[in-house]
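Inside the fold
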Amino acid sequence: MPPFIHESSCKKCFRCVEACQSDVFFGSIKGNVPEVHYPEECWHCNACVIECPHGALELRIPLDLEPMYQKK
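Residues numbered from 1 in each chain as written. Predicted model: local features only at pLDDT ≥ 70, side-chain atom pairs only at ≥ 80, totals over all residues. Heavy atoms only, no water.

1. Re the nonpolar core
As a rule of thumb, soluble globular proteins bury nonpolar side chains together. Among the nonpolar cores identified, the biggest contains 14 residues, and Ile5, Cys10, Cys16, Val24, Phe25, Cys48 and Leu57 are the most heavily contacted of them. In this view, Phe25 contacts Pro3, Ile5, Cys16, Val17, Cys20, Pro34, Glu35, Val36, His37, Cys48 and Leu57; residues no more than four positions away in its chain are not counted. (Core = buried A, V, L, I, M, F, W, Y, C linked by side-chain atoms within 4.5 Å. Buried < 20%, exposed > 50% of the residue type's maximum accessible area, 1.4 Å probe, protein only. Contact = heavy atoms within 4.5 Å.)

Next up, the structure:
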């Protein structure tokens, strides 16, 4: 499952877009809240969540990957 963006917390800094190596946000317009256009490409690497200084992203880990994912 792709990252979920809390629009009320997002400051539109696009740091999440720059951090994403699989380009799930490709096509998002700068100055707007980033949009997940390619959810199937998400690697669940957590880079976008870590990079967001405002805590506006939440990564939803698929159940079959949950045992491999560690929270801080």
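2. Examining the environment of Leu63
Inspection of the secondary structure puts Leu63 in the segment after strand S2 (57-59). The spatial distance from the C-alpha of Leu63 to the C-alpha of Met1 is 9.6 Å, given a sequence separation of 62 residues. (Helix = DSSP H or I, 4+ residues; strand = E, 2+ residues; numbered from the N terminus.)

3. Here we look at empty space enclosed by the protein
Any space left empty among the atoms is revealed by the rolling of a water-sized probe across them. Throughout the structure, instances matching the rule amount to two cavities of 30 Å³ or more. The computed volume of the largest cavity comes to approximately 80 Å³. As for the largest cavity, its lining consists of 13 residues, and the residues nearest its centre are Cys20, Ser22, Cys42, Cys45 and Cys48. Along the lines of polarity and charge, the residues of the lining of the largest cavity split into nine nonpolar, four polar and no charged. The space that makes up the second largest cavity amounts to roughly 50 Å³. Tallied by class, the residues present in the lining of the second largest cavity amount to eight nonpolar, one polar and two charged. (1 Å grid on protein atoms, 1.4 Å probe; cavity = no way out; pocket = protein on both sides within 12 Å on 5 of 7 lines; lining within 4 Å. Points joined across faces, edges and corners; volume = space filled by probe spheres on them. Nonpolar A, V, L, I, M, F, W, Y, C, P; charged D, E, K, R; others polar.)

4. As for the confidence of the model for the chain
In this model, the chain carries a mean pLDDT of 88, and residues with pLDDT of at least 70 account for 88%. Within the chain, no element has a lower average pLDDT than S2, which sits at 91, and none a higher one than helix H1 (residues 15-19), at 96. (pLDDT = per-residue confidence, 0-100.)

5. Describing the state of the cysteines
According to the stated counting rule, one finds zero disulfides in the structure shown. In this structure Cys13 is a free cysteine whose sulfur lies 5.8 Å from that of Cys52, the closest cysteine sulfur available. Given the relative accessible area of 32%, Cys13 is considered partly exposed. Looking at Cys16, it has no disulfide partner, and the nearest cysteine sulfur is the one in Cys10, 6.3 Å off. The exposure class of Cys16 is buried, given its relative accessible area of 6%. (Disulfide = S-S within 2.5 Å.)

6. Describing unusual backbone geometry
Here Phe14, not a glycine, exhibits a phi torsion of approximately 65°, which is positive. The topology assignment puts Phe14 in the loop between strand S1 (3-5) and H1. A residue is classified by how much of its surface remains accessible, and Phe14, at 6% relative accessible area, is buried.

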